[in-house]
Amino acid sequence: NGSRRIYRIYANPIRPRDSKESIGLLMVIEDITNVIRLENVRKDFVSNVTHELKTPLTSIRGFIDTLKQGAVEDRAVAYRFLDIIEMESDRLYRLIQDILYLSEIENRPGEEEALEEVSVEEIAAQVLEVLDSKISQKNLDIFWEVQQDVKVRCEPDKLKQLLMNLVDNAVKYTEEGSITIRAWKAQGNSMIQVQDTGIGIAKEHLERIFERFYRVDKGRSRKMGGTGLGLSIAKHVVERYGGELQVSSEVGKGSSFTARFPAPVDENKKPSDSK
Ligand code: ADP
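Residues numbered from 1 in each chain as written. Predicted model: local features only at pLDDT ≥ 70, side-chain atom pairs only at ≥ 80, totals over all residues. Heavy atoms only, no water.

- An unreviewed UniProt entry lists the chain under the name histidine kinase, from Bianquea renquensis.

Here it is in structure tokens:
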């Protein structure tokens with residue numbers, strides 16, 4: 001249940017060099033709970049990845065088989081199947097990208113990065129541009145409450161990935177209403193928020209949605225092209241820069257994801273100026 005601890009016990013007789021008799025026993029008790037836990041997390045991840053990669057592949061193979069068995073003769077059917085094959089390959093591609101991204105941010109220590117003071121406004125605008133066609137397929141208003149001088153000290157691509165995942169989710173899980181993007185400064189922090197009026201998330205799922213591959217509704221996420229990794233990547237990025245990602249949500253009303261980052265220290269200010 002998570003509270004039980006696991007120990008490894010070694011026991012060795014202590015024997016003086018010139019004697020056959022042992023004069024005692026050396027016992028070492030090692031707490032290996034965390035080692036085992038990490039190993040299990042890794043095993044789970046590998047088996048999840050395998051499953052996640054197999055699912056689209058199985059579907060692609062199935063449609064190819066059906067096409068070869070004759071469905072290819074009917075043009076309309078054939079095109080429908082090809083669309084599905086295309087969609088599933090795209091999902092496979094995204095999945096591989098997300099897995100690589102996740103393993104990269106886990107394995108590369110932060111010190112190797114070229115950190116910059118990145119403008120949230122600039123990055124958020126780029127994200128909206130990329131998602132523009134997806135947004136306009138739905139009847140969604142975008143509200144923009146982004147203050148100009150909000151900055152985060154980070155690698156620009158990572159902040160972009162974070163915002164991309166949050167806004168993309170907001171679009172995926174909202175049929176109508178609006179998405180509001182906010183950025184503001186608060187007590188030494190840079191705050192970023194993405195709020196939607198979508199389907200919302202039930203309380204029992206809220207604390208699990210940041211886990212890899214966890215989805216509230218597998219079918220729906222798949223239909224939307226989701227990989228189940230977006231939020232774990234988002235959380236990783238925020239924590240990498242010393243921040244925190246929080247969610248509040250109500251089923252049927254909408255969700256709101258808030259990232260808090262420590263604001264970059266203003267180098268023009270003397271230390272005595274800041275509190
Ligand atoms: P996915 O690729 O499935 O969207 P994520 O890791 O991005 O994976 O999100 C995990 C799950 O959290 C989603 O499958 C969905 O059930 C839920 N979720 C994430 N964002 C939202 C949102 N804005 N509104 C409702 N549900 C959401």
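Concerning the pairing of strand β8 (residues 244-250)
Moving on, step 1. Bridge analysis of β8 against strand β9 (residues 254-262) gives seven bridges, and the strand direction is antiparallel. Each bridged residue has a counterpart across the sheet, and for Gln246 the counterpart in β9 is Thr258.
Moving on, step 2. What sits between the antiparallel neighbours β8 and β9 is a turn of three residues, in which Gly252 has the positive phi angle 85 degrees. (Pairing = 2+ DSSP bridges. Helix = DSSP H or I, 4+ residues; strand = E, 2+ residues; numbered from the N terminus.)

Looking at the nonpolar core
Moving on, step 1. Of all hydrophobic cores here, the largest spans 50 residues; its most connected members are Leu159 and Phe261.
Moving on, step 2. Of the residues forming this core, the biggest block, eight residues, is contributed by helix α4 (residues 156-172).
Moving on, step 3. If we ignore the near neighbours within four places in the chain, the residues touching Leu159 are Val118, Val120, Ile123, Cys154, Ile192 and Phe261.
Moving on, step 4. Membership of the second largest hydrophobic core comes to six residues, among which are Leu67, Ala71, Ala78 and Ile85. (Core = buried A, V, L, I, M, F, W, Y, C linked by side-chain atoms within 4.5 Å. Buried < 20%, exposed > 50% of the residue type's maximum accessible area, 1.4 Å probe, protein only. Contact = heavy atoms within 4.5 Å.)

A few points about the packing of helix α2 (residues 75-107) against helix α7 (residues 230-240)
Moving on, step 1. One way to put it is that α2 packs onto α7 with a least axis distance of 10 Å and a crossing angle of 25 degrees. Taken together, α2 and α7 sit at an angle that is classed as roughly parallel. When the axes of α2 and α7 are compared, the crossing they make is left-handed. Counted together, Asp98, Tyr101, Leu102, Ile105 and Glu106 of α2 and Ser232, Ile233, His236, Val237 and Arg240 of α7 form the full contact between these two elements. (Axes fitted to C-alpha atoms, helices over the stretch in contact; angles between N-to-C directions. Parallel < 35°, antiparallel > 145°, perpendicular 65-115°, else oblique. Left-handed = near helix turned anticlockwise from the far one by under 90°.)

As for unusual backbone geometry
Moving on, step 1. One non-glycine residue, Gln187, lies in positive phi territory at about 45 degrees.
Moving on, step 2. With respect to the element layout, Gln187 can be found in the loop between β6 (176-186) and β7 (189-196).
Moving on, step 3. Among the residues examined, Gln187 registers a relative accessible area of 78% and is labelled exposed.

Looking at the packing of aromatic side chains
Moving on, step 1. Evaluation of the coordinates by the stated rule reveals three aromatic pairs.
Moving on, step 2. Here the aromatic rings of Phe63 and Phe81 are separated by 4.9 Å at their centres, their planes lie at 65 degrees, and the arrangement is edge-to-face. Residue Phe63 is found in helix α1 (residues 33-68), and its partner Phe81 is found in helix α2; the two are separated by 18 residues along the sequence.
Moving on, step 3. Residue class for Phe63 comes out partly exposed when judged on its relative accessible area of 23%. (Phe/Tyr/Trp six-rings, centres within 6.5 Å; stacked < 30°, edge-to-face > 60°.)

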